[in-house]
Amino acid sequence: AVVYTALGDFWDMCGIGGTKRVGELKTEDPDWTVDLELTGPSEMGSAAQIQIMENLVSLKYDGILIAASDAEALTPSINAAIDAGVLVFTMDTDCPDSKRIAFVGTHNENFGRKLAQFAVDWMKGAPKVILNHGAIAQLGMIQRLKGIEDVLNENKATGAELLDHQSGVSGGPDGQALCEQMMLSNPNWNTTMCDNAGGSVVAAVWEENGWNQAKDYTDKCSVLSDDAPQVINAIKDGLATATLVQKQWQWAYYGVDFMFKKIALGQDPGT
């Protein structure tokens, strides 16, 4: 089973990778029957993921690949699954203190560094950043924030600064209002940034205010994350300067590969 943080376009791409690897395995190892369950809660939250994990264990799944929305909260469930004989791997965001077999995903601290470095370069060393931040308890987001803060602190002498960051709302009118409130509270901002899949909120604020990068509105910068359709459209329409894209389909592709090799062949995934 592959367990997402929540259902949505971003994770659909991940599922494509897992499904692709299962199809290949059926050809490469025809003596084995490989079944794949793609699942996740409708909205992100550790309680729903814990319930899904417990259900998969009770159904005697052989392996689980999970993107944990909260490393601390999910660690006991991962350990319980391992103790019950279910092999658990993590993806996207790790649970390093758990008994998980291996992690496959992005180096999230470097992801944050790349976001911030783009802003530094675009704003000639002096980005004044307001950040739409991801889930506050998710380890991957904690690591991304550290990367962002480190780069901005390294460029503090030229004027780089993280003015504000808010977490917990990634979409809809509430998210847009939160972004606008950060702007009002920090009138000297010149850079909006999003380190999660909620870039459509930032783009909506730019559209509402008539800012358009395509019209040489270059005294402001907007750096988004990932490749959700709304984010790609924001780039095309000039409502964002750039987006940093992961290869999330690889997480499930290699995660399924690791699970099969460990379960069926007894091979360790290595590093």
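The structure we're discussing is the one just above.
All figures in this text were calculated on a predicted structure; none of them were measured in a lab.

The next thing to look at is the sheet that holds strand β9 (residues 221-225). If you trace the five strands from one edge of the open sheet to the other, you get β7-β6-β8-β9-β10, paired in parallel fashion. Of all strands in the sheet, those bounded by a partner on one side alone are β7 (161-167) and β10 (242-244). When strand polarity is set aside, the average angle formed by the axes of neighbouring strands in this sheet is 20 degrees. As paired strands, strand β6 (residues 128-133) and β7 are joined by six bridges and run parallel to one another. Of the residues in β7, the one forming a bridge with I130 is D164.

Moving on, we come to a nonpolar patch on the surface. On the surface, M13, I16 and W249 cluster together to form a nonpolar patch covering roughly 270 Å² of accessible area. The class for I16 is exposed, based on a relative accessible area of 52%.

What follows is about the sheet that holds strand β5 (residues 103-104). The strand order across the open sheet built from five strands is β2-β1-β3-β4-β5, with neighbouring strands paired in parallel fashion. At either end of the open sheet lies a strand with only one pairing partner, and these are β2 (38-39) and β5. Judged from the two bridges that link them, strand β1 (residues 2-3) and strand β3 (residues 63-66) form a sheet pairing that is parallel. Residue V2 lies in a different strand from β3, and its bridge partner there is L65. Where helix α2 (residues 46-58) meets the sheet, it contacts β1, β2, β3 and β4 (87-91), and its direction lies at approximately 165 degrees from that of β3.

This part takes up helix α3 (residues 71-83). The terminal C-alpha atoms of α3, which comprises 13 residues, lie 18 Å apart, in line with the 18 Å expected from a rise of 1.5 Å per residue. Regarding α3, the residues found buried are A71, L74, T75, S77, I78, N79, A81 and I82. Buried positions along α3 lie against α2, β3, β4 and α5 (139-154). You can read the cap of α3 off the contacts: a side-chain oxygen lies 3.1 Å from the backbone nitrogen of E72, and it is on D70. Immediately downstream of α3, the backbone of G85 shows phi near 95 degrees, a positive value.

Right, let's talk about unusual backbone geometry for a bit. One non-glycine residue, K124, lies in positive phi territory at about 55 degrees. Secondary-structure assignment places K124 in the loop between α4 (108-122) and β6. In this structure K124 comes out as exposed when scored by relative accessible area, which is 76%.

Time to look at helix α9 (residues 248-265). With 18 residues, α9 should reach 26 Å at 1.5 Å per residue; the first-to-last C-alpha distance of 25 Å fits that figure. Of the residues making up α9, those classed as buried are Q248, W251, A252, Y253, G255, V256, D257, F258, M259, F260 and A264. Residues of α9 that are buried sit in contact with β1, α1 (9-28), β3, β4 and β5.

This part covers the nonpolar core. Soluble globular proteins tend to bury their nonpolar side chains together. One finds W11, C14, L65, F89 and M91 to be the most contacted residues of the largest nonpolar core, which totals 22 residues. A total of seven residues in this core trace back to one element, the largest contributor, which is α9. If we skip the residues at most four places from it in the chain, L65 touches A1, V2, V3, F89, T90, M91, V104, W251, A252, G255, V256 and M259. Within the second largest apolar cluster, 19 residues are counted, among which are C179, C194, V201 and W206.

What follows deals with the pairing of β4. With respect to burial, β4 is a largely interior element, five of its five residues being buried. The side-chain alternation of β4 yields two buried faces, one formed by L87, F89 and M91 and the other by V88 and T90. Looking at chain direction, β3 and β4 are connected through four bridges and run parallel. When the sheet's bridge partners are listed, I64 is paired in β4 with V88. Each parallel crossover has a hand, and the one from β3 via α3 to β4 is right-handed.

Now for the pattern of salt bridges. Counted according to the given criterion, the structure contains 12 salt bridges. Residues E28 and R21 are paired through a salt bridge, measuring 3.0 Å at the closest nitrogen-oxygen approach. Judged by its relative accessible area of 7%, R21 falls in the buried class. Its salt-bridge partner being D150, residue K146 comes within 2.7 Å of it at the nearest N-O pair. Remark: D150 and K146 occur in helix α5; sequence separation between them is four residues, near one turn of the helix.

The rules behind the values
Residues numbered from 1 in each chain as written. Predicted model: local features only at pLDDT ≥ 70, side-chain atom pairs only at ≥ 80, totals over all residues. Heavy atoms only, no water. Pairing = 2+ DSSP bridges. Helix = DSSP H or I, 4+ residues; strand = E, 2+ residues; numbered from the N terminus. Axes fitted to C-alpha atoms, helices over the stretch in contact; angles between N-to-C directions. Patch = residues over 30% accessible without salt bridge, like charges linked within 9 Å, V, L, I, M, F, W, Y side chains within 5 Å. Areas by Shrake-Rupley, 256 points an atom, 1.4 Å probe, with all protein chains shown as cover. Salt bridge = Lys/Arg side-chain N within 4 Å of Asp/Glu carboxyl O. Buried < 20%, exposed > 50% of the residue type's maximum accessible area, 1.4 Å probe, protein only. Contact = heavy atoms within 4.5 Å. Expected span 1.5 Å × (residues − 1). Polar contact = N/O pair within 3.5 Å; in protein donor to acceptor, adjacent residues only side chain to side chain. Core = buried A, V, L, I, M, F, W, Y, C linked by side-chain atoms within 4.5 Å. Right-handed = clockwise from strand over helix to strand, strands pointing away.

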